[in-house]
Amino acid sequence: MKRTITALTLVISLAACSIESAPLVASDVHIMRPIPGASATAGYLSLTNTTGQPITITRVASPQFASVEMHESAIEDGISRMYPLPQVTVLPGQSVDFRRGGKHLMLRNPVNEFESVQLQFHAGVALVLTVDAAVED
Ligand SMILES: [Cu+2]
């Protein structure tokens, strides 16, 4: 009998887990179509953390690109430069904007032709958000 109760508890906690399945919400998603011959393009969006805990994005992947990096642009000595961000933290109830001239996604080496792009945001080993967006010209 004790074993039955334990199994039931596990089922209930898994169900509770799947209900709160949108810890991060994406909005204002814009993926630019790569210029012919270019090996990289940019992606922009806002990420909003709906939970009470910080969410740290450590990796972004896409089936349409060989690699996706989180970048930050900055003006240094009058020259626009960009550098990779190893992680981006979205604080509880807050948003982080990936925008032209600031943080952005660098989508490198498209692996095929496509009209839409999927982005997969990971926090450690957990996939916390999947976004599908049409590419824009
Ligand atoms: Cu970049």
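Use the structure listed above.
Residues numbered from 1 in each chain as written. Predicted model: local features only at pLDDT ≥ 70, side-chain atom pairs only at ≥ 80, totals over all residues. Heavy atoms only, no water.

### Some words on unusual backbone geometry
Our working rule: Only DSSP runs of H or I reaching four residues or more are called helices, and only runs of E reaching two or more are called strands; each is numbered from the N terminus.
Positioned with a positive phi, Asp28 is a non-glycine residue whose angle comes to about 50°. Mapped onto the secondary structure, Asp28 falls in strand 1 (residues 24-32). Positive phi values are uncommon outside glycine, yet Asp77 reaches one of about 55°. As for its position among the elements, Asp77 is in the loop between strand 5 (65-76) and strand 6 (79-84).

### Section: the side chain of Asn49
We count it as follows: In this scheme, a residue with accessible area under 20% of its type's maximum is buried, one over 50% is exposed, and one in between is partly exposed, where area comes from a 1.4 Å probe on protein chains only. Here a polar contact means two N or O atoms within 3.5 Å. Within protein one must be a hydrogen donor candidate and the other an acceptor candidate, and residues neighboring in sequence count only if both atoms are side-chain atoms.
Structurally, the position occupied by Asn49 is in strand 2 (residues 40-49). Residue Asn49 is classed as buried on the basis of its relative accessible area of 1%. A distance of 2.7 Å separates a polar side-chain atom of Asn49 from the backbone oxygen of Gln53. A polar contact of 2.9 Å, which involves the side chain of Asn49, links it to the backbone oxygen of Val90.

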